[in-house]
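Descriptive structure summary
The residues making up each chain are set out below.
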Amino acid sequence: MTLILGLESSCDDSAAALVTADRQILAQSLVGQNAAHQPFGGVVPEIAARAHAEILPDLIRQVLQDAKLSVRDVDAVAATAGPGLIGGVMVALLAGKGLALAAGKPLIAVNHLEGHALSPRLVDPDLGFPYLLLLVSGGHCQLLEVRGVGQYRRLATTIDDAAGEAFDKAAKLLGLGYPGGPAIEALAAQGRADAVPLPRPLVGSAEPHFSFAGLKSAVQRAVAAGEHRPQDIAASFQQAVVDCLLDRTVRALELTDAPALVVAGGVAANGAIRSALQALAQARGRRFVVPPAWLCTDNAAMIAWAGGERFAAGFTDGLDVPARARWPLDEGAEKVRGAGVKA
Ligand code: KG4
Ligand code: ZN
């Protein structure tokens, strides 16, 4: 059975995993850096890159030891090659190149977004192509039609902030720690979602794009006004994000016949978002698939899995493959007005 070693270091999680083509995760290991970045309220690229260089080699040793295997037993080495914080991306990519070179194994350069996009297929053998994917992470907020490995049609993207970025900024305004998503979700559970009137940017617009900058500014004003309990602001903010994601996904569902709706990326760990989208899929007669929360946030199992899918499709990469800070899944997608470099 084909066995892939996957490596990830594109943001603030260092991770390694061994995954087989028949969906067995033989071993995985992950070390996050929340504590290192917490004082700064966000990921500091230079700190992250140095930490990856210190942490990742031991994680590789650990997964091989846990599975009682050597790198000579794997069929290919898959490493995230972008998009992400370039100093961090280079750590896993170069580690992967070194292992591939030393063991004489093929290298697979994985797009981190493809890792998220294909991750639902690791846990759901019945999920075939095509599917409509809502990809919501710290750096991205997109609706994509996933047609096959390496085949994506972008239907929508954000014109300013990503959904996870909105959670992180709102959390910072509320004095909560980084990452903001889990902190907001926990606080929102104690608040009233209808307590604070907040905008739903772009809801109802014909194109299915997203926007969250105006919502963040409204949270800033609500915090400054001092009239609301923090838990009510958190709950109202989370509801506004849910409403935006739902409305935009409804619009995208009109643009594709794909039989399944899939949500992936760190923000898909959010319970309110998961249940709202599940209800939507049910109402529209589409299958709904969402990976377990641990597979939604960054990890190396999804990189190994996506690497395995690419390997099976005949894609491997040379040792000169570049690390890329920006790497859209749909290279042909039109640039959107106001879109940041990450879109
Ligand atoms: O996919 P991911 O782990 O890293 C990126 O590739 O960006 O996503 C991280 C993002 C962060 O913005 C974090 O606040 C958000 O996912 N997140 C959540 C939750 N857990 C993580 N957002 C909302 N609710 C959550 N439970
Ligand atoms: Zn990610």
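Coordinates for the structure precede this section.
For every chain, the first residue of the written sequence is number 1, and numbering continues from 1 along that sequence. Lettering of chains starts at A and numbering of ligands starts at 1, both following the order in which they are written. The model is predicted, so local features are restricted to residues of pLDDT at least 70 and side-chain atom pairs to those at 80 or more, both for listing and for counting; the totals for chains, interfaces and linings are taken over all residues. Values shown for side chains rest on all heavy atoms present in the structure; no hydrogens or waters enter the calculation.

1. Re the pattern of salt bridges
Formally: What makes a salt bridge here is a side-chain nitrogen of Lys or Arg within 4 Å of a carboxyl oxygen of Asp or Glu, nothing more. Secondary structure follows DSSP: runs of H or I at least 4 residues long count as helices, runs of E at least 2 residues long count as strands, and numbering of each begins at the N terminus. Think of it in three bands: with a 1.4 Å probe and only protein chains considered, a residue is buried below 20% of the maximum accessible area for its type, exposed above 50%, and partly exposed in between.
Evaluation of the coordinates by the stated rule reveals 15 salt bridges. Between Arg61 and Asp58 there is a salt bridge, and its shortest N-O distance comes to 2.7 Å. Within this pair, Arg61 and its partner Asp58 are both found in helix 2 (residues 45-66), separated by 3 residues, close to a single helical turn. Of the residues examined, Asp58 reaches a relative accessible area of 40% and is grouped as partly exposed. Among the charged side chains, a network of salt bridges with common partners joins Glu145, Arg147 and Arg153.

2. Quick notes on the packing of aromatic side chains
Stated formally: Ring pairs shown here join Phe, Tyr and Trp side chains whose ring centres sit within 6.5 Å, with only the six-membered ring taken for Trp; geometry is labelled stacked below 30 degrees between planes, edge-to-face above 60, and tilted in between.
Per the stated rule, a full pass over the model turns up 3 aromatic pairs. Between the aromatic rings of Phe167 and Phe237, the centroid separation amounts to 5.2 Å while the plane-to-plane angle is 85°, which identifies the pairing as edge-to-face. Separated by 70 residues along the polypeptide, Phe167 in helix 5 (residues 163-173) and Phe237 in helix 8 (residues 230-253) bring together distant segments of the chain. Phe167 sits in the buried class, given a relative accessible area of 2%. For Phe237, a relative accessible area of 1% corresponds to the buried category.

3. Remarks on the layout of surface pockets
Quick reminder of the rule: Only protein atoms enter the 1 Å grid used here. Points where a 1.4 Å probe fits but cannot escape make up a cavity, open sets with protein on both sides within 12 Å along at least five of seven lines make up a pocket, and a residue lines them when an atom lies within 4 Å of a point. Grid points are joined across faces, edges and corners, and a volume is the space filled by probe spheres set on the points. Residues are grouped as follows: Ala, Val, Leu, Ile, Met, Phe, Trp, Tyr, Cys and Pro are nonpolar; Asp, Glu, Lys and Arg are charged; all remaining types, including Gly, are polar.
When its volume is computed, the largest pocket comes out at roughly 1300 Å³. Of all the secondary structure elements, the ones that give two or more residues to the lining of the largest pocket are strand 3 (25-32), helix 4 (112-123), helix 5, helix 6 (180-188) and helix 10 (293-296). A total of 6 residues in the lining of the largest pocket trace back to one element, the largest contributor, which is helix 5. Among the residues making up the lining of the largest pocket, the classes are represented as 19 nonpolar, 19 polar and 10 charged.

4. Observations regarding the pairing of strand 2 (residues 13-20)
In plain terms, the rule: Note: two strands are recorded as paired if DSSP finds a minimum of 2 bridges between them.
Judged by how many residues are buried, strand 2 sits mostly within the fold: 8 of 8 residues are covered. Along strand 2, one buried face is formed by Asp13, Ala15, Ala17 and Val19 and the opposite face, lined by Ser14, Ala16, Leu18 and Thr20, is buried too. Relative to strand 2, strand 1 (residues 3-8) runs antiparallel, the two sharing 6 bridges. Bridge assignment links Leu3 to a residue of strand 2, and that residue is Thr20. Linking strand 1 back to strand 2 in an antiparallel pair, the connection comprises 4 residues. One ladder, built from 7 bridges, connects strand 2 with strand 3; its direction is antiparallel. In the strand pairing of strand 3, Val19 is matched with Ile25. Hairpin connection from strand 2 to strand 3: 4 residues lie between these consecutive antiparallel strands, with Arg23 at a positive phi of about 70°.

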